[in-house]
Amino acid sequence: MDELKLYDIFYSIQGETSLVGKPAVFVRLAGCNLNCSWCDTDYARRVRFSAGVPEVISRIEEFGCPLVVITGGEPLIQPAAVSLIEELLYRRYSLMIETNGSMDIAGLPQEVKIILDMKTPSSGETGKMDLRNLKMLRPKDELKFVISDMTDFFWSRDLVREHDPKAGEILFSPEENSISFEELGDLVKEYMPSARIQPNIHKIFAIK
């Protein structure tokens, strides 16, 4: 049965990525296979309800918004997530998925925009990243790094140099308890001017 374990389905504003500022329906699936030291969505480990794909689609349709973001936790730990994706694409939704770098993205449909969130050393989960994913990114996709310090930044820069991912955007977000937006901005300007720094705008809208 294609049953999904969820934390929430809600309508808000996309606070990250190149689509920042766009209204979107968020499907936050519950559970995660990682335990990042600075996780800001730890609450999403909790299952608040379960629903089949038709029920989730029905809820999404109530909002009347063409953009859907599948997020977590880590959505790809649930096999039914792919069934949901396929049904949303059949219904012609614009679709993006936010996934960490540990899960194989090879099975995702070509129409989905992938936001690949590679975990930097300060997360404590770098060793679980599947670097093969980097070669699968396309110009429509985006590669994201959360940065706590200079070690994180230069690790990310070197990873991009080594693997040359074809993602259309390289995104840097500050872990705001450890590094300021200004400090990270200075690093990006000096060492990776082709990348994009993004504030955590989603926090303004209390996206949960």
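Residues numbered from 1 in each chain as written. Predicted model: local features only at pLDDT ≥ 70, side-chain atom pairs only at ≥ 80, totals over all residues. Heavy atoms only, no water.

Asker: Help me out: how do you make sense of the packing of helix H1 (residues 53-63) against helix H2 (residues 80-90) in this one?
Answerer: How two helices pack is summed up by the angle between their axes together with the distance between the axes. Running from amino to carboxyl end, H1 crosses H2 at an angle of 45°, the nearest separation of the two axes being 10 Å. With respect to H2, the element H1 is oriented oblique. Where H1 crosses over H2, the two elements pack in a sense that is right-handed. On H2, the residues that touch Val53, Val56, Ile57 and Ile60 of H1 are Ala80, Ser83, Leu84, Glu87 and Leu88. (Axes fitted to C-alpha atoms, helices over the stretch in contact; angles between N-to-C directions. Helix = DSSP H or I, 4+ residues; strand = E, 2+ residues; numbered from the N terminus. Parallel < 35°, antiparallel > 145°, perpendicular 65-115°, else oblique. Left-handed = near helix turned anticlockwise from the far one by under 90°. Contact = heavy atoms within 4.5 Å.)

Asker: How should the nonpolar core be read in this particular structure?
Answerer: By size, the foremost hydrophobic cluster in this structure holds 61 residues, and its most contacted members are Leu143 and Phe172. Top contributing element to this core by residue count: H2, with 6 residues. Here Phe172 is in contact with Phe145, Ile147, Phe153, Ser156, Leu184, Val188, Met192, Ala195, Arg196, Ile197 and Gln198, once residues within four sequence places are set aside. (Core = buried A, V, L, I, M, F, W, Y, C linked by side-chain atoms within 4.5 Å. Buried < 20%, exposed > 50% of the residue type's maximum accessible area, 1.4 Å probe, protein only.)

Asker: Please clarify how unusual backbone geometry should be interpreted in this entry.
Answerer: One can expect most non-glycine residues to show negative phi and most peptide bonds to be in trans. Looking along the chain, the bond that leaves Gly72 and enters Gly73 is cis, with omega of 15°. Here Gly73 lies in the loop between strand S4 (67-71) and H2. Positive phi values are uncommon outside glycine, yet Thr17 reaches one of about 70°. Positionally, Thr17 belongs in the loop between strand S1 (3-13) and strand S2 (23-29). One non-glycine residue, Arg92, adopts positive backbone phi at about 65°. Relative to the elements of secondary structure, Arg92 occurs in the loop between H2 and strand S5 (94-100). Using a relative accessible area of 77% as the deciding quantity, one classes Arg92 as exposed.

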